[in-house]
Amino acid sequence: MSRRLVEAQYEWNWSSLVGSVQGLLRALGLPFDAAQVSAALGDAFRVDAAGMDETPAFRRTGYQVRPLASLPEDLAALGLEAQVEVRHVAREGPPSFWRRRRLRRRIKGRLDRGTAVVAYRAGLAEFGLIVGYDDDRGSYRVQGPFSDEVGPWVAYDDLWTARGIGAETGEGVAGWLAVVLAGVIPADEGAPRPEQVLARACRHALSAQAPARLERWAALLEGDADIDPPGHAYWVQALASARGEAARFWRAAAGDDGRLTPIAEAARREALTLSRFATLYPYPAGGDVEGGGARAVGARTLRDAIGDEREVVERLRGIDVGP
């Protein structure tokens, strides 16, 4: 029996994928600025408000299901060479005994070489870092947004199960899981390059369909649908934080490329507007989502931000930043 613990720490972020990648980058000695990471992964531009069409709307259901096909390229822009394993449990069923055994061997091998592993655990519906293992316990040691609530150890096979937050009711279990095995790209093969991050960011910003998603959000506030106060507040804070990261990213990028200056200015205005939006709905208290007047104020504020979001997207369409 053996055990291993590596030096890595989850970096708190409203996006658990961003926080996990930041922690991995920092442990590997690579730049881990939240705005750069969030932009490269696309989380700075997504609208993650879950359950808009459910009752009540905006329930807190964890990191949202998203395609991860682009993740190896996103991580390469940040200096990481990565392999990503994804399984949609709801569609494909749990992995076989042999696949679980093979993946456990790969995770432990990566840890034995001193590198943490990014993983999405189905039961917690969030990304986190696997930072160690203990065969006597039969468990991984994890760092993530729920570590303080559920403890630092996850049994080997529980990585694949729906145990944890919301397991009793099924809430918070997204039905998919992912493991990201990553290491530093060798220096002779290329270091992190800002132009690669910019290209990834532009691609994500243009594909996010954020204006339409934000329009749907505003329409819900203007209507009379039931809204879950703490869930809504969570997504409000996540949105405001993401667009703050986007604004910082575009401001830094505009320093090297004057074509991006109008985009950076529109992103700055949007981030400021959404910071006011966030004060209306503090987390976890939730703010007032019952009164028509209060909801109307929120909707107007959000629509002000949508105008700047549209400007960012439209201006990006006219700029060629490479592949």
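Source: prediction; values computed, not measured.

Chemist: Any details on helix H10 (residues 261-280)? Residues and values, ideally.
Modeler: At 3.6 residues per turn, the α-helix brings residues three or four places apart onto the same side. Between the first and last C-alpha of H10 there are 30 Å, a value that for 20 residues agrees with the 28 Å anticipated at 1.5 Å per step. All of the buried residues along H10 are Ile-263, Ala-264, Ala-266, Ala-267, Glu-270, Ala-271, Thr-273, Leu-274, Phe-277 and Ala-278. If you follow the buried residues of H10, they end up packed against helix H8 (210-222), helix H9 (229-254) and helix H11 (292-317).

Chemist: Outline a negative patch on the surface, supporting the account with residue identities and numerical values.
Modeler: A cluster of acidic residues, Asp-224, Asp-226, Asp-288 and Glu-290, forms a negative patch at the surface. Topologically, Asp-288 is positioned in the loop between H10 and H11. Taking relative accessible area as the criterion, Asp-288 reaches 37% and is therefore assigned partly exposed.

Chemist: So what about the environment of Ala-294? Which residues, and what values?
Modeler: Of note, Ala-294 is situated in helix H11. A relative accessible area of 27% means that Ala-294 is categorised as partly exposed. Measuring from C-alpha to C-alpha, the distance between Ala-294 and Glu-222 comes to 9.9 Å, with 72 residues separating the pair along the chain. When near neighbours in sequence (up to four residues on either side) are disregarded, Ala-294 contacts Tyr-281 and Asp-288.

Chemist: Quick rundown of H8? Include the residues and the values.
Modeler: Taking 1.5 Å per residue as the helical rise, H8 with its 13 residues ought to reach 18 Å, and the 18 Å between its terminal C-alpha atoms agrees with that figure. When we look at burial in H8, the residues that qualify are Ala-210, Pro-211, Leu-214, Trp-217, Ala-218, Leu-220 and Leu-221. Buried residues in H8 make contact with H9, H10 and H11.

Chemist: Pulling in residues and values, what's your account of the packing of aromatic side chains?
Modeler: All chains considered together, the criterion is met by 13 aromatic pairs. Between the aromatic rings of Trp-14 and Tyr-234, the centroid separation amounts to 5.1 Å while the plane-to-plane angle is 70°, which identifies the pairing as edge-to-face. Of this pair, Trp-14 sits in the loop between strand S1 (3-5) and helix H1 (16-27) while Tyr-234 sits in helix H9, and the two are 220 residues apart along the sequence. Ring geometry for Tyr-63 against Phe-127: centres 5.2 Å apart, planes inclined by 90°, an arrangement best described as edge-to-face. A residue pair is termed long-range when its members are at least 10 positions apart, and Tyr-63 in the loop between helix H2 (34-41) and helix H3 (71-77) and Phe-127 in strand S4 (residues 126-134) qualify at 64 residues.

Chemist: So what about the packing of H9 against H10? Which residues, and what values?
Modeler: Taken N-terminus to C-terminus, the directions of H9 and H10 make an angle of 155°; their axes are 8 Å apart at the nearest point. Here H10 runs roughly antiparallel to H9, going by the angle between their axes. For the element pair H9 and H10, the recorded crossing hand is left-handed. In this structure, H9 contributes Val-236, Gln-237, Leu-239, Ala-240, Arg-243, Gly-244, Ala-247, Trp-250, Arg-251 and Ala-254 to the contact, and H10 contributes Thr-261, Ile-263, Ala-264, Ala-267, Arg-268, Glu-270, Ala-271, Leu-274, Phe-277 and Ala-278. The residue inventory of the contact of H9 with H10, partitioned by class, reads 13 nonpolar, 3 polar and 4 charged.

Definitions and limits used
Residues numbered from 1 in each chain as written. Predicted model: local features only at pLDDT ≥ 70, side-chain atom pairs only at ≥ 80, totals over all residues. Heavy atoms only, no water. Helix = DSSP H or I, 4+ residues; strand = E, 2+ residues; numbered from the N terminus. Expected span 1.5 Å × (residues − 1). Buried < 20%, exposed > 50% of the residue type's maximum accessible area, 1.4 Å probe, protein only. Contact = heavy atoms within 4.5 Å. Patch = residues over 30% accessible without salt bridge, like charges linked within 9 Å, V, L, I, M, F, W, Y side chains within 5 Å. Areas by Shrake-Rupley, 256 points an atom, 1.4 Å probe, with all protein chains shown as cover. Salt bridge = Lys/Arg side-chain N within 4 Å of Asp/Glu carboxyl O. Lys, Arg positive; Asp, Glu negative; His and termini not counted. Charge placed at Lys NZ, Arg CZ, Asp CG, Glu CD. Phe/Tyr/Trp six-rings, centres within 6.5 Å; stacked < 30°, edge-to-face > 60°. Axes fitted to C-alpha atoms, helices over the stretch in contact; angles between N-to-C directions. Parallel < 35°, antiparallel > 145°, perpendicular 65-115°, else oblique. Left-handed = near helix turned anticlockwise from the far one by under 90°. Nonpolar A, V, L, I, M, F, W, Y, C, P; charged D, E, K, R; others polar.

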